[in-house]
Amino acid sequence: MAEGLLSGTNARVVAMLRALQAVARDFRCPAGKALSRELEGRIKLQIAHLHDCRPKSLAMGDAIKWLKLRVSQLPAHLPPDAAKRILCSQIDTYIDERIELADRAISESASAKIAPSDVVLVYGRSHVVEATLLHAAARGTNFSVVVIDGGPRFEGRAMLVRLVAAGIRCSYSLLHALSYTMPSVSKVLLGASSMLVNGTLVSRAGTALVAMAAHEHGVAVLVCCETYKFTERVLLDAICYNELGDPDALLQAADADQGGASLSDWRERPRLKLLNLMYDVTPMKYLTMVVTEAGVIPPTSVPVIIREDRDRAQLAGP
C-alpha cells in the first residue's frame, strides 16, 4: 500500500479489511478481559501502522468506523472464537454487498445509459467505469470511448488496453487535449474516491477539470460511485484535505522528454518545490447524476443515502 501498488479506493478498502480480518482471526483475548475492548485496541494499532504507511482515504475512514462499531457490538456472552467468527463473517458480507455486488449493480445500471453511437469520455482508470464499458460492449451496444489520461501515473493506459482487447473503438489523449475532444463527446463517465455530504466529488487529480469542461459544452457527467464511499465530511477545496504523492514521480516522464536535462537535484534548489496532489474536488453543479447500487440519483440526494445508511448501521446488530 505504501508503494502505491494498490491503486483505487475499492482495492485499498478491501485489502485493509482483509488485513484487519486476519488480525481479528488470529487475536487471542487475555483471560478475564472483554474481547470487544481488547480487540478494538489491537485494531487501532494496526490502523495507525497503515496510516503511517500511507494516509487513509475518506472511504477507508468510514469503513474503519463501521468495523469499530461491529467490534463494539460483539456479544459479550459468546466465546471469543464464536464472536470472532461473527466479525469475520460480517467483514465478508460488507465486502461482498457494499463493494463487489454494488459494482455489478452500478455497471449494469450505468451501461444502460450508454446508447448506440455514443461517444463516452472517461478519465484515468476506474474499476467500476471499466466494468460499465465492458458490460455495455457485451450487450452489443455500438459506441466509442475517449480515454483522457494524466500524469504522473497515466493509469488510463491500462484501461485503454482492456477496452481495445474487448473490441471497443477507442481514442487516447492527455488532459491538455480535453478542449479539443470534448465537442464530440456525448457522455462523461467518472469514478469516485468519495462523495461528500454536500454533493461534492472527490476523485483523482484532474477530474474537476474534466467535469467543468463537460459542463461548459453541455455534456452529461455521470459519476459511478458505491454508497459506502458517501461520507459526512464537507470539503470546499482540495487544499484543506488531500494526499501528497511522491514528488519524484513528476520528474520521471519529464526527464525523458527533456533530452538529458534533469531536475533530479530539485531538493538542493531552495527556490524549487514539487507538489504532487493525488486528489481534487468537483463541485456539485458540474455533476449531472450519481450512479449507485441504490439507483441513479442527483448529487443533492447524497445526504439522504448517508442518513439512511447511518440509521441502518445503528439498528443492525451482530
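None of these values were measured; they are calculated from a predicted model.

J.: Would you take a moment to explain the sheet that holds strand 5 (residues 194-196) for this structure?
T.: Note on sheets: strands pair through backbone hydrogen bonds, and any given pair is parallel or antiparallel. The four strands are arranged 8-5-6-9 in an open sheet whose pairing can be described as mixed. Of all the strands in the sheet, the pair left with one neighbour each is strand 8 (230-231) and strand 9 (279-282). With two bridges connecting them, strand 5 and strand 6 (residues 201-204) associate as antiparallel partners. Residue Ser194 lies in a different strand from strand 6, and its bridge partner there is Val202.

J.: Explain the packing of helix 4 (residues 80-111) against helix 5 (residues 127-138) here, please?
T.: Two numbers describe how helix 4 lies on helix 5: the axes approach to 8 Å, and their chain directions differ by 50°. Between helix 4 and helix 5, the interaxial angle falls into the category oblique. You can see that helix 4 and helix 5 cross each other, and the crossing is right-handed. Listed contacts from helix 5 to Asp103, Ile106, Ser107, Glu108, Ala110 and Ser111 of helix 4 are His127, Val128, Ala131, Thr132, His135 and Ala136. Grouping the constituent residues of the contact of helix 4 with helix 5 by class yields five nonpolar, five polar and two charged.

J.: I tried to follow the sheet that holds strand 11 (residues 295-297) on my own but got confused; where do I start?
T.: Strand order in this open sheet of seven strands is 3-2-1-4-7-10-11, and the pairing throughout is mixed. Single-partner strands in this sheet number two, and they are strand 3 (169-174) and strand 11. Within this sheet the neighbouring strands show an average axis-to-axis angle of 25°, counted without direction. Direction of pairing for strand 2 (residues 144-149) relative to strand 3: parallel, over a ladder of six bridges.

J.: What should I look at first to understand the packing of aromatic side chains in this one?
T.: Both the distance between ring centres and the angle between the ring planes are used here to describe each pair of aromatic rings. Considering all chains together, one arrives at two aromatic pairs under this definition. With centroids separated by 4.3 Å and ring planes inclined at 35°, the aromatic side chains of Trp66 and Tyr94 adopt a geometry described as tilted. Highlighted residues: Trp66 in helix 3 (residues 58-72) and Tyr94 in helix 4, separated in sequence by 28 residues. Here the two residues Trp66 and Tyr94 agree in accessibility, since each one is buried. Between Tyr94 and Tyr228 the ring centres are 6.3 Å apart and the planes differ by 75°, which places this aromatic pair in the edge-to-face class.

J.: Looking at this structure, how should I read the environment of Val14?
T.: For Val14, the position within the fold is in helix 1 (residues 9-26). For Val14, a relative accessible area of 22% puts it in the partly exposed group. Linking Val14 and Ala83, residues 69 residues apart in sequence, is a C-alpha distance of 21 Å. Dropping the residues within four chain positions of it, Val14 is found in contact with Ile95 and Ile99.

J.: What exactly am I supposed to notice about the packing of helix 2 (residues 35-53) against helix 3 here?
T.: Their axes nearest at 9 Å, the elements helix 2 and helix 3 cross at an angle of 160°. Compared by their axis directions, helix 2 and helix 3 come out roughly antiparallel. Remark: the crossing between helix 2 and helix 3 carries right-handed chirality. Residue-level contacts link Ser36, Leu39, Glu40, Ile43, Lys44 and Ile47 of helix 2 to Ile64, Leu67, Lys68, Val71 and Ser72 of helix 3. Tallied by class, the residues present in the contact of helix 2 with helix 3 amount to six nonpolar, two polar and three charged.

J.: Teacher, can you tell me more about the environment of Ala19 here?
T.: On the secondary structure map, Ala19 appears in helix 1. Measuring from C-alpha to C-alpha, the distance between Ala19 and Ile47 comes to 9.9 Å, with 28 residues separating the pair along the chain.

J.: How should the pairing of strand 6 be read in this particular structure?
T.: Side-chain positions along a regular strand alternate between the two faces of the sheet. Between strand 5 and strand 6, which pair antiparallel one after the other, the connecting turn spans four residues, and Gly199 there sits at a positive phi close to 80°. As paired elements, strand 6 and strand 9 share four bridges and run antiparallel to each other. Its bridge partner lying in strand 9, Leu201 is registered against Thr282.

J.: Looking at this structure, how should I read helix 5?
T.: Because an α-helix completes one turn every 3.6 residues, residues spaced three or four positions apart along the sequence face the same direction. For helix 5, which comprises 12 residues, the first-to-last C-alpha distance of 16 Å matches the rise-based estimate of 16 Å (1.5 Å per residue) to within 8%. Among the residues of helix 5, those classed as buried are Val128, Val129, Glu130, Thr132, Leu133 and Ala136. Structurally, helix 5 contributes buried residues whose contacts are with helix 4, strand 1 (119-123), strand 2, helix 6 (156-165), strand 4 (187-190) and strand 7 (220-224). In the stretch just after helix 5, Gly140 is the one whose phi turns positive, near 90°.

Rules used throughout
- Residues numbered from 1 in each chain as written.
- Predicted model: local features only at pLDDT ≥ 70, side-chain atom pairs only at ≥ 80, totals over all residues.
- Heavy atoms only, no water.
- Pairing = 2+ DSSP bridges.
- Helix = DSSP H or I, 4+ residues; strand = E, 2+ residues; numbered from the N terminus.
- Axes fitted to C-alpha atoms, helices over the stretch in contact; angles between N-to-C directions.
- Parallel < 35°, antiparallel > 145°, perpendicular 65-115°, else oblique.
- Left-handed = near helix turned anticlockwise from the far one by under 90°.
- Contact = heavy atoms within 4.5 Å.
- Nonpolar A, V, L, I, M, F, W, Y, C, P; charged D, E, K, R; others polar.
- Phe/Tyr/Trp six-rings, centres within 6.5 Å; stacked < 30°, edge-to-face > 60°.
- Buried < 20%, exposed > 50% of the residue type's maximum accessible area, 1.4 Å probe, protein only.
- Expected span 1.5 Å × (residues − 1).

Distances and angles like these do not, on their own, reveal function.
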